[in-house]
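In case you want the letters, here they are:
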Amino acid sequence: ENSIFKMEVYEELRKKGFEVDLDVGIGGYSIDLAIRKGNDYVLGIECDSSLYKKNSETRERDYHRQKFLESRGWTVCRLWSSSWWNDKNQEIEKIKELVD
């Protein structure tokens, strides 16, 4: 599912020069956005909405997905729509720091 939020993040990151792929899967799990350097993925980004905060089943599933990906060498960050709408430049800076 390509939410408006996820697609906006994708477009903004591409404009900033990041190599970004949508819905990258590994081991039966998929992550919303994955940033590449060359052929290697260096950061996975989960895009959350207000529904996430209300649904413990969703949080638990995402926790297990994140732990699985991290056990395979991924760095995973969670991007909150509220933080993005408040100051997307600050959120992009955080992503840059994680990528570098």
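Throughout what follows, the structure given in this document is the object of discussion. Please read all numbers here as calculations on a predicted model, not as lab measurements. (Residues numbered from 1 in each chain as written. Predicted model: local features only at pLDDT ≥ 70, side-chain atom pairs only at ≥ 80, totals over all residues. Heavy atoms only, no water.)

So, about the overall build of the protein. Each helix and strand counted, the protein has five helices and four strands in total. Of the regular secondary structure in the protein, the N- to C-terminal order runs α-β-β-β-α-α-β-α-α. In the protein, buried positions account for 36% of the 100 residues. (Helix = DSSP H or I, 4+ residues; strand = E, 2+ residues; numbered from the N terminus. Buried < 20%, exposed > 50% of the residue type's maximum accessible area, 1.4 Å probe, protein only.)

This model, assessed by the stated rule, comprises 10 salt bridges. Residues E12 and K15 are paired through a salt bridge, measuring 3.4 Å at the closest nitrogen-oxygen approach. Of the two residues, E12 and K15 are both situated in helix α1 (residues 4–15); the distance of three residues between them amounts to about one turn of the helix. You can call K15 exposed: its relative accessible area is 64%. (Salt bridge = Lys/Arg side-chain N within 4 Å of Asp/Glu carboxyl O.)

This part is about the nonpolar core. Residues V9, L13, F18, L33, I35, I45 and I95 are the most contacted members of the largest nonpolar core, which totals 17 residues. The greatest single-element share of this core, amounting to four residues, is contributed by α1. Setting aside chain neighbours within four positions, we find F18 in contact with L13, I35, I92, I95, K96 and V99. One finds A34, L69, W74 and V76 within the second-largest nonpolar core, a separate group that totals seven residues. (Core = buried A, V, L, I, M, F, W, Y, C linked by side-chain atoms within 4.5 Å. Contact = heavy atoms within 4.5 Å.)

As a further point, take helix α5 (residues 88–99). When the terminal C-alpha atoms of α5 are compared, their 16 Å separation across 12 residues agrees well with the 16 Å that a helix rising 1.5 Å per residue should span. Check the buried side of α5 and you find it contacts α1, β2 (29–37), β3 (40–48), β4 (76–80) and α4 (81–86). (Expected span 1.5 Å × (residues − 1).)

Looking now at the packing of aromatic side chains. Under the defined criterion, the tally for this structure stands at three aromatic pairs. Geometrically, the ring pair formed by Y41 and W74 is stacked, given 5.4 Å between the ring centres and 15° between the ring planes. Here the residue Y41 occupies a position in strand β3, and W74 occupies one in the loop between α3 (56–71) and β4, the gap between them amounting to 33 residues. Following the ring pairs from residue to residue traces out a cluster consisting of F5, W84 and W85. (Phe/Tyr/Trp six-rings, centres within 6.5 Å; stacked < 30°, edge-to-face > 60°.)

Bear in mind that shape data such as this cannot, by itself, settle questions of function.
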